[in-house]
Amino acid sequence: MSEQSYAPSVLKLAQEAGVTTDWVDAWGGHQRVTQDDLLAVLGALTGRELATERDIEQASADLAASRPEIEPVVVAWDGIVPVIEVPSSVVSAEIVLEDGGAVGADIVDDRVLVHGVLPLGYHSLVVNGGEPVSHIFSSPTTAHATPTGSLGLISPTYSLRREDADIGIGTIADLRALADLCASWDTAVVGTLPLLAAFVDEPSPYAPASRRAWNEIFVDFSRIPGWHGTLPTPVGDPLWVDYDVTGHDIRSRLAAYSAFVSRSPRLRGFVDEFLTHEPEMKRYARFRALTDHHGRNWRAWSEGVKPDPDRIAYHETVQWLMQTQLAELSSDLEARGQYLYLDLPIGCHPDGYDIWDDPSLFAPASLGAPPDPLFVGGQDWGLPASIPSRARRDGHLNFRKAISRQLSVAGLLRIDHVMGIHRTWWVPNGATATQGAYVAQPTEEMFAIITLESHRARAGVVGENLGTVPPEIYEGLARHELLGMAVAQDGVTEPKSTDLVALSSHDTPAFAAWWNGNDIDDLLDLGVFDDERAARERGERIEMTERLQERFGTSGPVETRDALMEWMAGTPAAVALLNLDDLLMEERRQNIPGTHWERPNWRLRDAVSLEELGADVSFGDQLRRFATRRPDVVDPDKA
């Protein structure tokens, strides 16, 4: 453990604020935050500069004064409300239910005692006949069951390509075509990367403009009501997405369609009906209309700026289209025993709607990760960090809305970096990723939201638990019956029946690139590795590939990949997820973590079209063979 002592006042403030001073790193070593770094994180959390002893003591006093007398969130597992401590001034209490009903409660020795079992839902504690003082999450202990025994196929939507209807980027139409092929290949899970709203110049699906809205660039033009226009025309290299040109073309055509909708009472009626059920999309549309004309940095907007009504109508219209099309796709998949698998990023772009909607919820710090074997300098993801105490006051509304949006269409949801519901690595603005610290999160409350939303949507949940994982996350996933993840690329450790097993992920190179060491060359070129480390990594990679060939009795990358996939399919894992890039032996990489403009991330398109895949008998036979290796699929809704 690195030596580091703290002033008593600093340690006291850290303990009160939930900032962890010690942690176990990815190598199994014990680390301790320096006092300067600890003070920087505490300053971001408390909103004050902690330059003197008096500053620290005042921050501690302010923290104590702001602590509510009654817990702002109480979890009632399976509807059973625990004892709630209240001040002596409370003489009456009741639980106001989500549907407007009420359940009585007694006050005994400054404690609220609730009789009976609450229905599942988000309820409120009201005392002395006044306003709600606490959010009561009545949640099932376990998430909705996942369909076990499934085989899945995942691909970024933008990568998909059809020869007869290509518009320069894969869309919901292509995702639907992939799902149709998957059905013929006995593949139940159809997965893709986040389809969330994005700024025009930010292609990363993991830095969305909102986790509550969709990206209209993926719209299926063939399913737009009343559409009579022509399709966008592909430009440039057919194997790369040109977000500037293609994105502008798509949005221009959708703007013309929005103007048409505004002139059509029937079509506008559909949009208005959508907004009745999704009223927040009105506020979101207003925000995006403002960014269209005044720039996305809303902190620099002049006071009293007005949005263009046509742009408001545009964003309302495209959200209606996307929600409708994704819901239809999900429903069609469900009807034939398939599941749409989506992914929820850990945060939102700093200029995004979710931050603008409530800036007070976020600290002057970003989320990231401490050093690990790949990123010895740690990672700063640039996504604003939410302040736990403030998130609790509104019942974690930001997280609830984000997960609810995904589950409105997903049959299976992956939560990226699920460790973030236990603790998040904060990097204060202006600091490096190594100068951060872990901030504790209200884990039980976050799990309660996940299990409740999972049941409401009748959808399973996967927690991406790869990286530096504290034991509490493993315990939580097991207790609440969320799937974990296992990646088979670096070894063949038997996954559990509560795992989703995959050969690679969006953060790792595809199998062919991994086999050839392309990722090592890339990291050397980027300066992440020096020559000595690159040579060491290449030697270790050769040893890994040789061990795999020896284990499976194979020769070369294709045979070994097939053997690995066959092995994955035969494991007890709940879901065996195959990456289309692995099947295509793609050597290019969708994303190199830790890079932004240094590499053209999130642009790679498939060299093989969906028509070619469908016509490839051996490809289909291979997937069907993998499917026969899977245990019998058990649908929890039909079991």
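No experiment lies behind these values; they were computed from the predicted model shown.

A. View of the side chain of Glu586. Mapped onto the elements of the fold, Glu586 is located in the loop between helix 18 (580-583) and helix 19 (610-615). Beyond its immediate stretch of four places on either side in the chain, Glu586 contacts Ala510, Ala512, Ala513, Asp581 and Leu604.

B. Structural view of the sheet that holds strand 15 (residues 379-386). Strands sit in the order 1-18-17-14-15 across an open sheet of five strands; the sheet is antiparallel. Strands at the two margins of the open sheet, each flanked by one partner only, are strand 1 (19-20) and strand 15. As defined by bridge partners, strand 14 (residues 362-369) adjoins strand 17 (residues 423-428) across four bridges and the pair is classed as antiparallel. From the neighbouring strand, Leu367 faces strand 17, where its bridge partner is Trp426. Together, strand 1, strand 14, strand 17 and strand 18 (437-440) form the strand contacts of helix 2 (residues 35-46), whose direction differs from that of strand 17 by roughly 100°.

C. How the structure looks around the packing of aromatic side chains. In this structure the tally under the stated criterion is 17 aromatic pairs. Plain terms: the ring middles of Tyr257 and Phe260 are 6.2 Å apart, the flat faces sit at 45° to each other, and that makes the pair tilted. Highlighted residues: Tyr257 and Phe260, both in helix 5 (residues 243-262), separated by three residues, approximately one helical turn. Taking the relative accessible area as the measure of exposure, Tyr257 reaches 3% and is therefore buried. With relative accessibility at 30%, the residue Phe260 sits in the partly exposed group. Clustering of aromatic rings is evident, with ring pairs tying together Tyr284, Phe287, Trp301, Tyr353 and Trp356. A cation over an aromatic ring shows up here: Arg299 above the ring of Trp298, its NZ or CZ 4.1 Å from the ring centre.

D. Representation of the pairing of strand 8 (residues 111-114). Every second residue of strand 8 is oriented toward a common face, the buried set being Val112 and Val114 and the non-buried set Arg111 and Leu113. In terms of strand pairing, strand 5 (residues 84-85) meets strand 8 through two bridges, oriented antiparallel. Within the sheet, the bridge partner assigned to Ile84 lies in strand 8 and is Val112. Two strands pair when backbone bridges link them, and strand 7 (residues 102-107) and strand 8 are joined in this way by three bridges, in the antiparallel orientation. Bridge pairing in strand 8 links Ile107 to Val112. In this structure, the hairpin formed by strand 7 and strand 8 is closed by a connection of three residues, where Asp109 is found at a positive phi of approximately 55°.

E. Local environment of the nonpolar core. Formed by 119 residues in total, the largest nonpolar core has its most connected members in Ile169, Leu254, Ile403 and Leu578. Broken down by element, the residue count for this core peaks at eight residues, all from helix 8 (residues 309-335). In contact with Ile169, other than residues within four places in its own chain, are Tyr158, Leu160, Asp174, Ile217, Phe218, Val241, Tyr243, Thr246, Ile250 and Arg605. Counting residues in each nonpolar core, the second largest holds 32 residues, with Ala17, Val33, Ala44 and Ala433 among its members.

F. Broad picture of helix 16 (residues 531-552). Taking 1.5 Å per residue as the helical rise, helix 16 with its 22 residues ought to reach 32 Å, and the 32 Å between its terminal C-alpha atoms agrees with that figure. Among all positions in helix 16, only Arg533, Ala534, Glu537, Arg541, Thr545, Leu548 and Gln549 are buried. Looking down the long axis of helix 16, one finds its buried residues gathered within 145° of arc, a one-sided arrangement. Across from the buried face of helix 16, at angles greater than 90 degrees, the exposed residues are Glu532, Ile542 and Glu550. Buried residues along helix 16 sit in contact with helix 14 (511-516), helix 15 (518-526) and helix 17 (556-570). Positive phi shows up at Gly553, right after helix 16, with a value of about 65°.

G. Just the sheet that holds strand 10 (residues 132-139), in detail. Strand order across the open sheet formed by seven strands is 4-10-9-6-7-8-5, with mixed pairing between neighbours. Each of the sheet's edge strands pairs with one partner strand only, and the pair in question is strand 4 (73-77) and strand 5.

H. Highlighting the pattern of salt bridges. Tallied over the entire structure, the rule returns 38 salt bridges. Between Asp521 and Arg538 there is a salt bridge; the shortest N-O distance is 2.8 Å. Taken as a pair, Asp521 in helix 15 and Arg538 in helix 16 lie far apart in primary sequence, 17 residues in all. By relative accessible area, which is 36% here, Asp521 ends up partly exposed. Through salt bridges that share partners, Arg212, Glu280, Arg283, Asp354, Asp357 and Lys401 make up one connected network.

Rules behind the numbers
Residues numbered from 1 in each chain as written. Predicted model: local features only at pLDDT ≥ 70, side-chain atom pairs only at ≥ 80, totals over all residues. Heavy atoms only, no water. Helix = DSSP H or I, 4+ residues; strand = E, 2+ residues; numbered from the N terminus. Contact = heavy atoms within 4.5 Å. Pairing = 2+ DSSP bridges. Axes fitted to C-alpha atoms, helices over the stretch in contact; angles between N-to-C directions. Phe/Tyr/Trp six-rings, centres within 6.5 Å; stacked < 30°, edge-to-face > 60°. Buried < 20%, exposed > 50% of the residue type's maximum accessible area, 1.4 Å probe, protein only. Lys NZ or Arg CZ within 6 Å of the ring centre and 35° of its normal. Core = buried A, V, L, I, M, F, W, Y, C linked by side-chain atoms within 4.5 Å. Expected span 1.5 Å × (residues − 1). Arc of directions from axis to C-beta. Salt bridge = Lys/Arg side-chain N within 4 Å of Asp/Glu carboxyl O.

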